Amino acid sequence: MTDKERAIHREWCRAFIEHCCIFRSPPGQSLLVSRSGSLSVWQFYLPVALLDPQFARRVGLLFWDRFGTEFKQQPFQLCGCESGGILLMCALQAAAFESGVAVNAFAVKKAAKGYGIGNWLEGIVHENMSVLLVDDVIGKGNTITAQSERLRSFGLKVVGVFAVASCKRAVPFNFGDCDIPATALFGPDVFTCTHEHYVRKYGRQPLFQGSQQ
Amino acid sequence: MILPYDKRQALWEWCRDFLDREIYYRADDTHPPIPGKVPGSTYTWQAYTRRATYNPHFANAIGLLFWDHFLPVFRDQLFQICACEPSGPPIGMTIAAAARRLGFKVNLFLARREAKSFGFNNWFDGRVLSDMPVLIVDDTAASAPYMRQASARIQHKLGLPLHRNYFTIINKVGRGLDKKSQHTENYLDGELIAFFTMNNVCKRADEFAEKYGHPPKWTGLVK
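This text gives an overview of the structure that appears in the document. It should be emphasised that the depicted structure is a prediction, and the values quoted were computed from it without experimental measurement. (Residues numbered from 1 in each chain as written. Chains lettered and ligands numbered in written order. Predicted model: local features only at pLDDT ≥ 70, side-chain atom pairs only at ≥ 80, totals over all residues.)

Describing the overall build of chain B
For clarity, the cut-off: In this text, helices come from DSSP runs of H or I with a minimum length of four residues, and strands from runs of E with a minimum of two, each type numbered from the N-terminal end. In this setup the radius of gyration rests on C-alpha atoms only. A globule is expected at 2.2 Å times the number of residues raised to 0.38. In this scheme the burial state of a residue depends on its C-beta neighbours within 10 Å: 20 or more other such atoms mean buried, 12 or fewer mean exposed, and anything in between means partly exposed; the C-beta positions come from the backbone. We call two residues in contact when their backbone-placed C-beta atoms lie within 7 Å.
Secondary structure assignment for chain B yields 7 helices and 10 strands. Expected size for 223 residues packed as a compact globule is a radius of gyration near 17 Å; at 18 Å, chain B falls within 12% of this value. Each principal axis of the C-alpha distribution contributes one length, and for chain B these read about 55 × 45 × 35 Å. The 223 residues of chain B split such that 39% are buried. Residue pairs in contact within chain B that sit at least 24 positions apart in sequence constitute 69% of those at least 6 positions apart.

Given below as structure tokens:
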């Protein structure tokens, strides 16, 4: 991919997230409850993007532009963190397949299945192949840390982490004790997160496109 | 139909063989019956469909077979797709990716099994198009009425019409299976299109061994 093509895909994806995938509470209106239970004035809803075929395709192209050479040198399999990482994993796998490369993928669950074989992993896992862990958003990194440690406890080698957005830390960075290199397409500073800032920047109200039902 | 007959049959048989070899846990002398959903119950076999749907070749084949069936229907009346979590998303994604490669776009959103516990407490993820019929997809139509629940929420919460069809890869019906608790018998209010039934695969390990000449054995790490 040329620098120009890369820049076009990246900007298209950034703009899609900026305009369609961030809910910003208008001033004076109720705030959203975040995963941790605190109140927030904005929230990412990246499934809106990853379910869009154009976005999925472009993210796939950008990912393989970044990781294609590494994959050729040392093939890896993708592991999606349930549930946000599954869509990204499927998008990356489909993009590779379209360019003639079959990449194995599996998912790691939030909790072991409560019946049947009680599995943590869904999919066929190649035990001697490195793993690249993917999730839609990296926040404080708790999910990634817990799941990478889980995969390592199963004897798997995690060689990297990839996300669409990192909303707390500048990318790339290494995960503390794991020392796993992590990267994301976008760091925390590229989106206009609050309603006020959006209106000031674009001169119009933000239009969140995801389902609120 | 977009595939020539030979190609369609070859893809279907490849998928059937993959499902039979790779997704079914079957109890035998070395594999005990496993705990069922109901406490105290056990299963002698169970499907792990994501062992197939996360495989790139299988996913690609399902995308092609889906549009081979549904493209004439889609051309006649546009629809959007709702994939039921947690097993439907890879199927929805491969259908949408196949559509893009074939030169058209289909909208895809997800129905959650439970409402999200934060944010909007939403039941659906993604962008929903107004006034467009919804085709619900999942991996298996079985005894749990998840597709039926999704269809009720789509109609009541989103106010959208349903497509006349539902789609799954497998319909859990066939010889030796109790019909009374199956989707197609009791739950669904539309026609289910499924590529496979349990008549296409082996439920028992001895049946598998007789057919393939060796006991069933999953590839890869199982954790």
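Some thoughts on the overall build of chain A
If you tally the helices and strands in chain A, you get 6 helices and 11 strands. At 18 Å, chain A has a C-alpha radius of gyration in line with the 17 Å of a compact globule built from 213 residues. Projected onto its principal axes, the C-alpha positions of chain A cover 55 × 45 × 30 Å. Relative to its 213 residues, chain A shows a buried fraction of 41%. Long-range pairs, those at least 24 residues apart, make up 62% of the contacts in chain A between residues at least 6 apart in sequence.

A word on the sheet that holds strand S7 (residues 124-125) of chain B
All names here are of chain B. Quick reminder of the rule: Any two strands with at least two DSSP bridges between them are considered paired. Note on geometry: axes are lines fitted to C-alpha atoms, helical ones only across the stretch in contact, with angles between N-to-C directions running from 0 to 180 degrees.
If you walk across this open sheet you meet the 6 strands as S7-S6-S5-S8-S9-S10, and the pairing is mixed. The open sheet is flanked by S7 and strand S10 (191-197), the only strands paired with a single partner. Here strand S8 (residues 134-141) runs beside strand S9 (residues 162-171); their pairing, made up of 6 bridges, is parallel. For valine 137, the partnering residue across the bridge sits in S9 and is phenylalanine 167. Packed onto the sheet, helix H5 (residues 146-157) meets strand S5 (80-84), strand S6 (108-111), S8 and S9 and runs at close to 165° relative to S8.

What to know about the environment of Gly119(B)
Along the chain, Gly119(B) turns up in the loop between S6 and S7. On the basis of neighbour count, Gly119(B) is assigned to the partly exposed category, with 17 C-beta atoms found within 10 Å. In this structure the C-alpha to C-alpha distance between Gly119(B) and Ala144(B), which are 25 residues apart in sequence, comes to 28 Å. Look past the residues within four positions of Gly119(B) in its chain and what remains in contact with it is Leu32(A), Val33(A) and Gln43(A).

Structural notes on the interface of chain A and chain B
Rules: In this classification, the charged set is Asp, Glu, Lys and Arg, the nonpolar set is Ala, Val, Leu, Ile, Met, Phe, Trp, Tyr, Cys and Pro, and all remaining amino acids, among them Gly, are polar.
On the side of chain B, 47 residues touch chain A, which itself brings 42 residues to the contact. With 8 residues, the top contributor of residues to the side of chain A that touches chain B is helix H4 (residues 84-98) of chain A. Grouping the amino acids of the side of chain A that touches chain B by side-chain chemistry returns 24 nonpolar, 13 polar and 5 charged.

Overview of the pairing of S9(B)
Residues and elements named next belong to chain B. Selection criterion: A clockwise course of the path from the first strand over the helix to the second, judged with the strands pointing away from the viewer, identifies a crossover as right-handed.
The buried fraction of S9 amounts to 7 of the 10 residues, a majority that puts the element mostly inside the structure. Running through H5, the crossover from S8 to the neighbouring parallel element S9 is right-handed. In the sheet, S9 pairs with S10 via 6 bridges, with the strands oriented parallel. Its bridge partner lying in S10, isoleucine 170 is registered against phenylalanine 196.

Some words on unusual backbone geometry
Cis geometry marks the peptide bond from Val171(A) to Pro172(A), where omega comes out at -5°. By the secondary structure assignment, Pro172(A) is in the loop between strand S9 (158-166) and strand S10 (173-175). A cis amide bond links Glu85(B) with the next residue in sequence, Pro86(B), at an omega value of 5°. Structurally, Pro86(B) can be placed in the loop between S5 and helix H4 (89-102).

A few points about helix H1 (residues 3-20) of chain A
All names here are of chain A. Formally: In this scheme, a helix's expected span is set at 1.5 Å multiplied by one less than its residue total. An arc is given here, and it is the one of the directions from the helix axis to the C-beta atoms.
Over its 18 residues, H1 extends 25 Å from the first C-alpha to the last, a length consistent with the 26 Å expected when each residue adds 1.5 Å. Of all the positions in H1, only His9, Cys13 and Ile17 are classed as buried. Seen from one end, H1 has its buried residues packed into an arc of 65°, which puts them on one side. Exposed and facing more than 90 degrees away from the buried side of H1 are Asp3, Lys4, Ala7, Glu11 and Ala15. Of the surrounding elements, those touching the buried residues of H1 are strand S1 (22-24), helix H2 (47-50), helix H3 (53-73), S9 and strand S11 (180-186).

Re the nonpolar core
Residues and elements named next belong to chain A. Applied cut-off: By definition, a nonpolar core groups buried Ala, Val, Leu, Ile, Met, Phe, Trp, Tyr and Cys residues that connect through C-beta atoms lying within 7 Å of each other.
Core analysis: the largest hydrophobic core is formed by 114 residues, its most contacted members being Leu46, Ala91 and Val134. Top element by residues in this core is H4. It accounts for 11 residues. Setting aside residues up to four positions removed in sequence, leucine 46 forms contacts with Cys21, Gly84, Asp136, Val137, Val164 and Ala165.

Concerning the sheet that holds strand S6 (residues 105-108) of chain A
Residues and elements named next belong to chain A. The strand order S7-S6-S5-S8-S9-S11-S10 describes an open sheet built from 7 strands, whose pairing is mixed. In the strand order of this sheet, the two ends are held by strand S7 (121-122) and S10, each with one partner. Pairing between strand S5 (residues 76-81) and strand S8 (residues 130-138): 5 bridges, direction parallel. Across the sheet, glutamine 77 pairs through a bridge with valine 131, a residue of S8.

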